[in-house]
Amino acid sequence: MSNDPAAPTRILLVDDEPSLREPLADYLTRQGFAVSPAASAAEARSLLLKFTPDLVLLDIMMPGEDGLSLCRHLSEAKDLPVILLTAKGEATDRIVGLEIGADDYVVKPFEPRELVARIKSVLRRAARGTVAPQEDAHYEFEGWRLDPVKRRLTDPEGAVIAISSAEFRLLIAFLDHPRQVMDRDRLLDMVQGREAHLFDRAVDNQVSRLRRKIESAMREPRLIQTVRGGGYVLAADVRRVSDSGERA
């Protein structure tokens, strides 16, 4: 990403269909974006070695490595905002994409103006999620520690636990609201920024994935508890502590 605030937003557009990729790249360029097109996941990975985009537009169904596999890589290794470009019949794939870290999706055929609006919305959410230097105190809860700047989660024994971007955003939502019941709509809005009618299942599956990382007993979760008819609650006290040991 560019550190120059005047530099255009750089978008990596990954789609194997020239009839969509080329005119969409032209349209986004006219809207002021700097667009780098890629016809496959392999080409996208090659481009990612040369530069870091501000956002990735990613088709799900592609020959070779599909978009979901690349989305998982972008979420876990690159932490880049991703908008999926999907066909109408790919509802399950959309859910999986959101679970593994995609920020939004647009169903083909789509109105280019709607896509631009979603791009700007995702970028605003990404900017709000950036931790300012004065707010870099880490979280501590039940012996666990989360460094929000490095996105580094360590367990009570000090072992580093790998988490995806989606799991990180969900954990932050809970840590910022400990002992508060968080219903699915609220979690969806905080984690994905989608409308309230989106898939409840996406939240449930993300919670399940996060539980696998931080719970000692999945059948009787102690930290993230289910509230019948209400959603979920982080049943733990949370502290914000700076590296100097001072409480934030």
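For the structure, see preceding data.
Definitions and limits used
- Residues numbered from 1 in each chain as written.
- Predicted model: local features only at pLDDT ≥ 70, side-chain atom pairs only at ≥ 80, totals over all residues.
- Heavy atoms only, no water.
- Pairing = 2+ DSSP bridges.
- Helix = DSSP H or I, 4+ residues; strand = E, 2+ residues; numbered from the N terminus.
- Core = buried A, V, L, I, M, F, W, Y, C linked by side-chain atoms within 4.5 Å.
- Buried < 20%, exposed > 50% of the residue type's maximum accessible area, 1.4 Å probe, protein only.
- Contact = heavy atoms within 4.5 Å.
- Axes fitted to C-alpha atoms, helices over the stretch in contact; angles between N-to-C directions.
- Salt bridge = Lys/Arg side-chain N within 4 Å of Asp/Glu carboxyl O.
- Phe/Tyr/Trp six-rings, centres within 6.5 Å; stacked < 30°, edge-to-face > 60°.
- Lys NZ or Arg CZ within 6 Å of the ring centre and 35° of its normal.

1. Quick word on the sheet that holds strand β12 (residues 239–241)
Next, step 1: With antiparallel pairing, the five strands of this open sheet are ordered in space as β9-β8-β7-β6-β12. The sheet is open, and its two edges are formed by β9 (160–161) and β12, each paired on a single side.
Next, step 2: In terms of strand pairing, strand β6 (residues 138–141) meets β12 through three bridges, oriented antiparallel. When the bridges of β12 are listed, Y139 appears paired with R240.

2. Notes on the nonpolar core
Next, step 1: Core analysis: the largest hydrophobic core is formed by 26 residues, its most contacted members being L146, F174, L175, L187, I224 and L234.
Next, step 2: At seven residues, helix α6 (residues 165–175) tops the list of elements feeding residues into this core.
Next, step 3: Contacts of F174, omitting those with residues within four sequence positions, involve M182, L187, V207, L210, I224, Y232, V233 and L234.

3. Structural notes on the sheet that holds strand β5 (residues 104–107)
Two pairing modes exist for strands in a sheet, parallel and antiparallel, and in both the strands are linked by backbone hydrogen bonds.
Next, step 1: Pairing is parallel in the open sheet, where five strands are placed in the order β2-β1-β3-β4-β5. The open sheet has two edge strands with one neighbour each: β2 (34–38) and β5. Each strand of the sheet is rotated relative to its neighbour by a mean of 20 degrees, with strand direction disregarded.
Next, step 2: Most of the contacts of helix α3 (residues 67–78) go to strand β3 (residues 55–59), to which it runs at about 160 degrees, and overall it touches β1 (10–14), β3 and β4 (82–86).
Next, step 3: Sheet contacts for helix α4 (residues 91–99): β4 and β5; angle to β5, the most-contacted strand, approximately 160 degrees.

4. Focus: unusual backbone geometry
Excluding glycine, a negative phi dihedral is what most residues carry, and trans is how most peptide bonds are arranged.
Next, step 1: The omega torsion of the bond from K108 to P109 falls at -10 degrees, within 30 degrees of zero and hence cis.
Next, step 2: Phi is positive for E142, which is not a glycine, with a value near 50 degrees.
Next, step 3: Among the structural elements, E142 can be located in the loop between β6 and β7 (144–147).
Next, step 4: For R151, which is not glycine, the phi dihedral falls at a positive 55 degrees.
Next, step 5: Its location among the elements puts R151 in the loop between β7 and β8 (152–154).

5. As for the pattern of salt bridges
Pairing of side chains with opposite charge becomes possible as their charged atoms draw close.
Next, step 1: Taken as a whole and assessed by the stated rule, the structure comprises twelve salt bridges.
Next, step 2: Ionic pairing is found between K213 and E167, a salt bridge with its closest N-O pair at 2.9 Å. In this pair, K213 is assigned in helix α8 (residues 200–214) and E167 in helix α6, connecting sequence segments 46 residues apart.
Next, step 3: Relative accessible area serves as the criterion here: at 28%, K213 is assigned to the partly exposed category.
Next, step 4: Notably, a salt bridge pairs R184 with D204, separated by 2.9 Å at the nearest N-O pair. Residue R184 is found in helix α7 (residues 184–191), and its partner D204 is found in helix α8; the two are separated by 20 residues along the sequence.
Next, step 5: When its relative accessible area of 25% is taken as the criterion, R184 is described as partly exposed.
Next, step 6: Overall, D204 belongs to the partly exposed group, its relative accessible area being 23%.

6. Digging into the packing of aromatic side chains
Next, step 1: One pass over the full model with this rule turns up one aromatic pair.
Next, step 2: When the ring of F141 is compared with that of W144, the centres are 6.4 Å apart and the planes differ by 15 degrees; the resulting orientation is stacked. For the pair F141 and W144, one class covers both residues: buried.
Next, step 3: Here the basic side chain of R10 rests over the ring of F51, its NZ or CZ set 3.9 Å away from the ring centre.

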